[in-house]
Amino acid sequence: MTFDKMMETLPAFAEKASKLADRLGLLRAGLVADHIALRITERADAEALRDDLLSRGTLLSDKEINGRPILLIQLHTPMQVGPWAIDLVELPFPDGKKRRDGWEHVELVMPCGATDKVQMLEAVKQIPAMIAKWPVLKDGTLGIEIKTSCPKGDDEPLANPTVAFRHDGITVKVHPHDMRDVLGLRQAEATA
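A quick note: this is a predicted structure, and the numbers were derived from the prediction, not measured. The residue numbers shown here count from 1 along each chain, following its written sequence. Only residues with pLDDT of at least 70 are given local features in this predicted model, and only at 80 or more are side-chain atom pairs given and counted; all residues enter the totals for whole chains, interfaces and linings. To obtain the side-chain values, all non-hydrogen atoms of the structure were used and water was disregarded.

Asker: Help me understand the packing of aromatic side chains in this model?
Answerer: Centres within 6.5 Å are what make two rings of Phe, Tyr or Trp a pair, Trp counting through its six-membered ring; a difference in plane orientation under 30 degrees is then read as stacked, over 60 as edge-to-face, and the rest as tilted. Counting across every chain of the model gives two aromatic pairs. Look at Phe-3 and Trp-103: their rings are 6.3 Å apart centre to centre, the planes differ by 75 degrees, and that puts the pair in the edge-to-face class. Of the two residues, Phe-3 is situated in helix α1 (residues 3-24) and Trp-103 in strand β5 (residues 102-109); the sequence distance between them amounts to 100 residues. Throughout this description, buried means an accessible area under 20% of the type-specific maximum (1.4 Å probe, protein chains only), exposed means over 50%, and partly exposed covers the range between. Judged by relative accessible area, which is 2%, Trp-103 ranks as buried. Here a strand is any run of E in DSSP of at least two residues, a helix any run of H or I of at least four, and the numbering for each starts at the N terminus.

Asker: Sorry if this is basic, but what is going on with empty space enclosed by the protein here?
Answerer: To find the voids left in a structure, one rolls a probe of water-molecule size over its atoms. The method works on a 1 Å grid over the protein atoms by themselves. A cavity is a set of points holding a 1.4 Å probe that cannot get out, a pocket is an open set with protein on both sides within 12 Å along at least five of seven lines, and residues with an atom within 4 Å of a point line them. Grid points are joined across faces, edges and corners, and a volume is the space filled by probe spheres set on the points. As enumerated under the stated definition, the model contains one cavity of 30 Å³ or more in all. The nonpolar class holds Ala, Val, Leu, Ile, Met, Phe, Trp, Tyr, Cys and Pro. Asp, Glu, Lys and Arg form the charged class, and all remaining residues, Gly among them, are polar. When the residues that make up the lining of the largest cavity are grouped by side-chain class, the tally is two nonpolar, one polar and four charged.

Asker: I keep staring at the pairing of strand β3 (residues 68-81) and nothing clicks. Help me out?
Answerer: Two faces make up the sheet, and in a regular strand the side chains alternate between them. As paired strands, strand β2 (residues 57-65) and β3 are joined by eight bridges and run antiparallel to one another. Within β3, the residue paired with Gly-57 across the bridge is Leu-75. Two strands qualify as a pair provided that DSSP identifies no fewer than 2 bridges between them. What sits between the antiparallel neighbours β2 and β3 is a turn of two residues, in which Asn-66 has the positive phi angle 55 degrees. With eight bridges joining them, β3 and strand β4 (residues 84-92) adopt antiparallel strand pairing. Bridging across to β4, Val-81 finds its partner in Trp-84.

Asker: When you look at the nonpolar core in this model, what are you seeing that I'm missing?
Answerer: General note: in soluble globular proteins, nonpolar side chains tend to be found buried as a group. Note on terminology: a nonpolar core comprises buried Ala, Val, Leu, Ile, Met, Phe, Trp, Tyr and Cys residues joined through side-chain atoms within 4.5 Å. Ranked by size, the top nonpolar core spans 46 residues in total, and within it Leu-26, Ile-36, Val-81 and Val-106 carry the most contacts. The greatest single-element share of this core, amounting to nine residues, is contributed by α1. Whether two residues are in contact is decided by their heavy atoms: any pair within 4.5 Å suffices. In contact with Leu-26, not counting residues within four places along its chain, are Ala-21, Leu-31, Leu-108, Ile-127, Met-130, Val-172 and Val-174. By size, the runner-up hydrophobic cluster in this structure holds five residues, among which are Leu-88, Met-179, Val-182 and Leu-183.

Asker: For this particular structure, what's the right way to read the sheet that holds strand β7 (residues 162-167)?
Answerer: Whenever strands of a sheet pair, they do so through backbone hydrogen bonds, lying parallel or antiparallel. Pairing in this open sheet of eight strands is mixed, and the strands run β2-β3-β4-β1-β5-β8-β7-β6 from one edge to the other. Two strands close off the open sheet at either side, each with one partner strand: β2 and β6 (145-149). On average, each strand axis in the sheet is tilted by 25 degrees relative to the strand beside it, whichever way the strands run. In the sheet, strand β1 (residues 32-39) pairs with β4 via two bridges, with the strands oriented parallel. Considered in β4, the bridge of Ile-36 is made with Val-89. Fitted lines through C-alpha atoms give the axes, limited to the stretch in contact for helices. The angle between two N-to-C directions lies from 0 to 180 degrees. Packed on one face of the sheet, α1 meets β1, β3, β4, β5, β7 and β8 (170-175) and runs near 45 degrees to β5. This element, helix α3 (residues 117-125), spans β6, β7 and β8 of the sheet and lies at about 60 degrees to β7.

Such coordinate-based values are descriptive only and should not be taken to indicate function.
Set out below in structure tokens:
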């Protein structure tokens, strides 16, 4: 599995992700994408992708989460993913679950000060286009699955509560902080 091979499938993923974001009103809200994530089922493919990505960027984070490495790699040149220019790729190593290989989600930043998933969900519900859609979103009428989480690594200065919208194998997530802030990288640069 090579990054070039993954890039061949990016236009189809980008089209679906941007359509979902537009349907939810996230594009009109002007949210910026901070990263895109892959899903890989074989360790050898994940290792090959890691090496390929590292030849194109810089490793920002390599953490063991839930028993597997999850890497964040900042590309030297951003990728165009629909309406978003994205320079950060999340590469989780396989977790043993059967999934399809490929692009899995895009994460958008909605600066709102949320510190937990309840606050984040309330903030997302206040996006102008979301207000009218919320009743049919939450009851499943639109076929869009909604999940909340609040991931935070042990050494990360910020929690990053997340609302995920999944439809047709594509997920668009919204969280309050750019991953570089969550990792404390911008704070470290400012004090250096």
